[in-house]
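# What the coordinates show
Here is what each chain is made of, one letter per residue.
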Amino acid sequence: MKNQLSPHFLFNNINVLTSLIEENPKKAVEFSENLSHIYRYFLEQEKQDVVLVKDEIAFAKSYLELLKDRFEVGLNFSISIDEHINEKYIVSTILQQVLENVVKHNTINETEKVEVRILSKENYLIVENNKNPKLKAANNSQKGIDNIKKRIAFFTDEKVVIENTDKKYIIKLPILKTV
């Protein structure tokens, strides 16, 4: 059930890197380093089903920086996590799956901006974003969300909570108390 690194992820980011090399070599180096950190995290987590929240948050920050390089002013993010959950656990690379869904389902550019917030509340890690639905709806098969729910259900009876309104999408991921 473990999520695999999407070929689209690599394709999109190699294209971004290629254009940055010509436009802004210094930014291309930073982008390449972020991409390297993300790929290394995937390789390290390949055999781990759960990780410390603090490690998953550090990964999500690198991933969001990569997305910010790709979408520039169209994407902004903030992360606000309570210190006491840093040593608790969460399903490995689950935030990447959630963030990939944000990109998949929203138009993101300088006029249609997406704001992503990652925060913690009680025993949940929460990812919320405003919505700019793509004109041509992305394949809305719910496979991504179903996969997230199944991966989490393997480790806890706590449910993934989703709030989907016209303006906002919020997903609450249960934090695991123990491994």
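Described in the following lines is the structure provided in the data block. Just so you know, these numbers come straight off a predicted model, no measurement behind them.

## Some details on the overall build of the protein chain
What the protein chain contains, in helices and strands, is 5 helices and 7 strands. Against the 2.2 N^0.38 benchmark of 16 Å for 179 residues, the protein chain shows a C-alpha radius of gyration of 16 Å, consistent with a compact globule. The principal-axis extent of the C-alpha atoms belonging to the protein chain is close to 50 × 35 × 30 Å. Out of the 179 residues in the protein chain, the part that is buried amounts to 41%. Sequence-distant contacts, at least 24 apart, represent 73% of the contacts inside the protein chain between residues at least 6 apart. Carbon together with sulfur atoms contributes 50% to the accessible area of the protein chain, which is approximately 10,400 Å² in total. Averaging the locations of the 26 positively and 26 negatively charged side chains of the protein chain gives two centres separated by 5 Å.

## Quick look at helix H5 (residues 143-153)
Taken as a whole, H5 has its buried residues at Ile145, Ile148, Arg151 and Ile152. Angularly, the buried residues of H5 cover 125° about the axis, an arc narrow enough to put them on a single face. Turned more than 90 degrees away from the buried face of H5 sit Lys143 and Lys150, all of them exposed. Lining the buried residues of H5 we find strand E3 (89-91), helix H4 (94-105), strand E6 (161-164) and strand E7 (168-174).

## Digging into unusual backbone geometry
Within the chain, Glu72 stands out as a residue other than glycine whose phi angle is a positive 50°. Here Glu72 lies in the loop between helix H3 (53-71) and strand E2 (75-80). Even without being a glycine, Glu122 presents a positive backbone phi close to 55°. Take Glu122: it is sitting in the loop between strand E4 (114-121) and strand E5 (124-130).

## With respect to the pattern of salt bridges
Taken as a whole and judged by the stated rule, the model has 4 salt bridges. Between Glu128 and Lys168 there is a salt bridge, with the nearest N and O atoms lying 3.5 Å from each other. You can see Glu128 sitting in strand E5 and its partner Lys168 sitting in strand E7, a full 40 residues away along the chain. Here Glu128 falls in the buried class, since its relative accessible area comes to 10%. Of the residues examined, Lys168 reaches a relative accessible area of 37% and is grouped as partly exposed. Lys172 is the partner of Glu163 in a salt bridge, and the nearest nitrogen-oxygen pair spans 3.0 Å.

## What to know about a negative patch on the surface
On the surface, Glu22, Glu23, Glu72 and Glu110 cluster together into a negatively charged patch. If you trace the backbone, Glu22 turns up in helix H1 (residues 7-23). Relative accessible area serves as the criterion here: at 70%, Glu22 is assigned to the exposed category.

## Some words on the sheet that holds E5
In space, the 5 strands of this open sheet follow the order E2-E4-E5-E7-E6, with mixed pairing throughout. Two strands lie at the open edges of the sheet, namely E2 and E6, each paired on one side alone. Sheet twist, expressed as the mean angle between neighbouring strand axes with direction ignored, is 10°. When E6 meets E7, the two strands line up antiparallel, connected through 4 bridges. Paired with Val161 across the two strands is Lys172, which belongs to E7. Against the sheet, H3 touches E2, E4 and E5, its axis set at about 165° to E2.

## Observations regarding the nonpolar core
Ranked by size, the top nonpolar core spans 46 residues in total, and within it Val116, Ile118, Leu125, Ile148 and Leu173 carry the most contacts. In terms of residue count, the dominant contributor to this core is H3 (9 residues). Beyond its immediate stretch of four places on either side in the chain, Leu173 contacts Ile90, Ile94, Leu95, Val98, Asn123, Tyr124, Leu125, Ile148, Ile152 and Val160.

What counts and how
- Just so you know, the residues in each chain are numbered from 1, in the order the chain's sequence is written.
- Totals for whole chains, interfaces and linings use all residues, but because this is a predicted model, local features are given only for residues with pLDDT of at least 70 and pairs of side-chain atoms are given and counted only at 80 or more.
- With hydrogens and water set aside, each side-chain value is computed from the structure's full complement of heavy atoms.
- Elements are defined by DSSP. Helices are runs of H or I of four residues or more, strands are runs of E of two residues or more, and each kind is numbered from the N terminus.
- Note on method: radius of gyration uses C-alpha positions; expected globular size equals 2.2 Å times residues raised to 0.38.
- Each residue is placed in one exposure class: buried if its accessible area under a 1.4 Å probe, protein chains only, is under 20% of its type's maximum, exposed if it is over 50%, and partly exposed if it falls in between.
- Residue contacts are defined here by distance: any two heavy atoms, one from each residue, within 4.5 Å place the two residues in contact.
- What sets the accessible areas is the Shrake-Rupley method with a 1.4 Å probe; for residues, cover comes only from the shown protein chains.
- Note on charges: Lys and Arg go in the positive column, Asp and Glu in the negative column, and His and the chain ends are not counted at all.
- Note on charges: their place is set at NZ of Lys, CZ of Arg, CG of Asp or CD of Glu.
- Throughout, the arc means that of the directions going from the helix axis to the C-beta atoms.
- What makes a salt bridge here is a side-chain nitrogen of Lys or Arg within 4 Å of a carboxyl oxygen of Asp or Glu, nothing more.
- Patches here are clusters of residues that have more than 30% relative accessible area and form no salt bridge, with a 9 Å joining cutoff for like charges and a 5 Å cutoff for nonpolar side chains (Val, Leu, Ile, Met, Phe, Trp, Tyr).
- Paired strands, in this sense, are two strands between which DSSP finds at least two bridges.
- For helices, the axis comes from a line fit to the C-alpha atoms of the stretch in contact; other axes are also lines fit to C-alpha atoms, and the angle between any two N-to-C directions lies between 0 and 180 degrees.
- Among the buried residues, those of types Ala, Val, Leu, Ile, Met, Phe, Trp, Tyr and Cys that are joined through side-chain atoms within 4.5 Å form a nonpolar core.

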